[in-house]
Amino acid sequence: MTTTVLVSGATGFIAQHTIKLLLSKGYAVVGTVRTAAKGDHLIKLFANELFSYEIVPSLDAEGAFDDVLNKHSEITVFLHMASPVTFSADDIEAELLRPAVNGTVSALKAIQKYGPQIKHVVITSSYCAMVHPAQWQIPDLVVSEDSWSSISWEDSKENALFGYFGSKKFAEKAAWSFYEQEKPKYTLNMVNPVFVFGPQAFDSEIKDQLNHSVEVVNKLLSLEKDSEIPSDKGSFVDVRDVAKAHLAAFENGWTGKRLLMNSEDFSSPSLLAIFRESFDYLKESLPTAAVEPIEIAKVDNKKTRQDLGFSFLDLKTSIVDCVGQILNAKRK
Ligand code: NAP
């Protein structure tokens, strides 16, 4: 019998890859989107009768997922991916904290009321739930599957970067508290990625501005020889590995895991060096900078790697696939 998976935030960068993978393995997918136009767009992209969509206009609305689960008693797996992903916001509580936390709690409450058949829940949390935004650059710090950010709700309102980190911590905390208190029968696992790079799931999704994390790569392509090089640095994982981790999280029947998805570190100079090595066309046009050691907290995800048992794509492969796709789209 076909297993039906709900994927919230189906328009998203990670969600599109995950849905593509689910469909390729014969799962049926109900994606939630904010508008019918976005849903219709996805119907065309996936072009697969196993994909359908439902509209959830606001994550922050009481009972946001009630109607979807009430209507779809065939759903047995819930992948909650929808959450605001931005480092700019005017009202941090309204734009970041509340939709992230309330959306997560609404998903779990909807399952309690309307989804007794649901067997597995996977939530896309983040590395940002595991480290304080003022501490991720401390080279002596080690962040692992057991780490938690110490940021408070109040401090999360200091700026949008803190707000995003706080939104992921408090959403994940809310999910684990609900799970401990209510003791539901389904398994619950988190996927906690660092910066996610890689190609879009469909070439046609390449736009001038891409999703927040890939924009770190994309914006380097518009630099000129004498441009100042952005100071971005961090840890990276490829989107295709993140998608695989979401499936592994429910297919293996695990519960209580936090899959810390990290491949290797990057900096703007290291990305520019890959561009130059791999694309002749970019050799002369971009600024150059020495690739210095990258000073940030160490990510220890031995447990996750052992659980997943597959090797993660490296930075070069991910960037070549991502930039190749962008350059092809620009040539068209
Ligand atoms: P994305 O492409 O921006 O996707 C975000 C998804 O969430 C979209 O479907 C978006 O809908 C939906 N969404 C955002 N705010 C919403 C709101 N207020 N109400 C309803 N839906 C909302 O980002 P992504 O990179 O794929 O991220 C997906 C998940 O992975 C998020 O939970 C994010 O925190 C997590 N994550 C991402 C990264 C990364 O580097 N990309 C790293 C760690 C964790 P619209 O299309 O309608 O805007």
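Keep in mind that what you see is a predicted model, and the values were worked out from it rather than measured.

Reading guide: rules and limits
- Residues numbered from 1 in each chain as written.
- Predicted model: local features only at pLDDT ≥ 70, side-chain atom pairs only at ≥ 80, totals over all residues.
- Heavy atoms only, no water.
- Core = buried A, V, L, I, M, F, W, Y, C linked by side-chain atoms within 4.5 Å.
- Buried < 20%, exposed > 50% of the residue type's maximum accessible area, 1.4 Å probe, protein only.
- Helix = DSSP H or I, 4+ residues; strand = E, 2+ residues; numbered from the N terminus.
- Contact = heavy atoms within 4.5 Å.
- Near = heavy atom within 4 Å.
- Areas by Shrake-Rupley, 256 points an atom, 1.4 Å probe, with all protein chains shown as cover.
- Expected span 1.5 Å × (residues − 1).
- Bend = angle between axes of the 7 residues up to and from the residue.
- Polar contact = N/O pair within 3.5 Å; in protein donor to acceptor, adjacent residues only side chain to side chain.

A. Molecular detail of the nonpolar core. By size, the foremost hydrophobic cluster in this structure holds 81 residues, and its most contacted members are Leu271 and Phe275. Residue contributions to this core peak at seven residues, all from helix α8 (residues 239–251). Aside from chain neighbours lying at most four places away, what touches Leu271 is Phe197, Val216, Val217, Leu220, Phe266, Leu315 and Ile319. Membership of the second largest hydrophobic core comes to 25 residues, among which are Val56, Val68, Leu108 and Met190.

B. Looking closely at the side chain of Ser126. Topologically, Ser126 is positioned in the loop between β5 (120–124) and β6 (142–144). The class for Ser126 is buried, based on a relative accessible area of 4%. Look past the residues within four positions of Ser126 in its chain and what remains in contact with it is Tyr164, Lys168, Val191, Asn192 and Pro193.

C. Structural context of the site of the ligand. Near the ligand lie 25 residues; those nearest to it are Thr11, Arg34, Lys38, Tyr164 and Lys168. Protein contacts shield 85% of the accessible area of the ligand, which totals 890 Å² for the unbound molecule. Elements with a minimum of two residues in the shell around the ligand: α1 (13–24), α6 (160–182) and β8 (195–197).

D. Quick look at helix α4 (residues 92–114). In this model, α4 (23 residues) spans 31 Å end to end at C-alpha, consistent with the 33 Å of a helix rising 1.5 Å per residue. Along its length, α4 reaches its greatest deviation from straightness, about 40°, at Arg98, and the proline Pro99 lies no more than four positions downstream. The residue sitting at the N-terminus of α4 and contributing the capping side-chain oxygen is Asp91; that oxygen lies 3.3 Å from the backbone nitrogen of Glu93.

Without other data, these values stay purely geometric and don't point to any function.
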